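So you can see what is in the structure, the chains are spelled out below.
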Amino acid sequence: MTDTTKHSLDDLLAIMARLRDPQRGCPWDVQQDFATIAPYTIEEAYEVADAIDRKDWHDLRDELGDLLLQVVFHAQMAKEAGLFDFADVAHAISDKMIRRHPHVFGDVSYDNVEAQKEAWEAIKAEERAAKGEQHDDSALAGVSRGLPEWKRALKLQQRAATVGFDWPDAHPVLDKLVEEVEEVRAEFAAGADKARLQDEIGDVLFVVVNLARHADVDFSQALRHANAKFERRFRQMEAMAADEGKPLVERSLDDQEALWQQAKRSEKVAG
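**Student:** Which residues make up the packing of aromatic side chains, and what are the values?
**Tutor:** In this structure the tally under the stated criterion is 4 aromatic pairs. Here Phe230 and Trp260 contribute two aromatic rings whose centre-to-centre distance is 5.6 Å and whose plane-to-plane angle is 40°, an arrangement assigned as tilted. Residue Phe230 is found in helix α11 (residues 219–243), and its partner Trp260 is found in helix α12 (residues 253–270); the two are separated by 30 residues along the sequence. Taking relative accessible area as the criterion, Trp260 reaches 19% and is therefore assigned buried.

**Student:** Please give an account of helix α9 (residues 170–189) that cites residues and values.
**Tutor:** Given a rise of 1.5 Å per residue, 20 residues ought to cover 28 Å, and the 29 Å separating the end C-alpha atoms of α9 matches this to within 8%. For α9, the full list of buried residues reads Pro172, Val173, Leu177, Glu180, Val184 and Glu187. All buried residues of α9 fall inside an arc of 150° around its axis, so they share one side. Residues His171, Asp175, Val178, Arg185 and Ala189 are exposed on α9 and point more than 90 degrees away from its buried face. Where α9 is buried, its residues meet α10 (194–214). Its side-chain oxygen placed 2.9 Å from the backbone nitrogen of His171, Asp169 serves as the N-cap of α9. A positive backbone phi angle near 70° is found at Gly191, which sits one or two residues after α9.

The rules behind the values
- Residues numbered from 1 in each chain as written.
- Predicted model: local features only at pLDDT ≥ 70, side-chain atom pairs only at ≥ 80, totals over all residues.
- Heavy atoms only, no water.
- Phe/Tyr/Trp six-rings, centres within 6.5 Å; stacked < 30°, edge-to-face > 60°.
- Helix = DSSP H or I, 4+ residues; strand = E, 2+ residues; numbered from the N terminus.
- Buried < 20%, exposed > 50% of the residue type's maximum accessible area, 1.4 Å probe, protein only.
- Expected span 1.5 Å × (residues − 1).
- Arc of directions from axis to C-beta.
- Contact = heavy atoms within 4.5 Å.
- Polar contact = N/O pair within 3.5 Å; in protein donor to acceptor, adjacent residues only side chain to side chain.

Here's what the structure looks like:
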């Protein structure tokens, strides 16, 4: 008989505690610490985004569970270290959401969304001051250094735009992208060292993030789509090469390029 009883959050917390039990738990789970689990936390967040992008709601349920497990895992390790527990995590985020939404949970009102955004940033600044953080009047204050670098670039650009330091539309950003690519080309021609190339390629990537922002395109989603497209076409190349009895590894770059173009054409026909 199938057990239809649904597990609760308390069950999950108990499972995690058991997994971390030094005597009866899982050796792998017991050996982990915050640093070793952090990469899995980031990975699971991206898996959630991928499920949403694919509109796979069954998979989304599972991926959200995996992400929740990461929160529970960190909270359990913190509890063992005497730092805090899951209840403290839930309390902290609940308190923060109430504090940052006085227009919902209090008697404050805003004229528009922009006013609400300004108030949100002001509240965050007050929170930083309450923590004793050094006062920072910069428009860039509070942009986390723990973000993926493309996301931090986006945040920095959005903050700079609040004081008017921004391109008026996407067209001058495209011009800037061409300029930065030419600078990379010049560094290659000059035999630049890795540090110079890193600096110039970084400029290109920063401008690409800016271009996506002005186009109202999610940078991460666009890159996921590009990755999926590349993988789909490359796998088709491999299949076509195998059908012809000569795998990709045995073909010249020109032959591989011909297969790539064939894969692209077949997608257009199918579409």
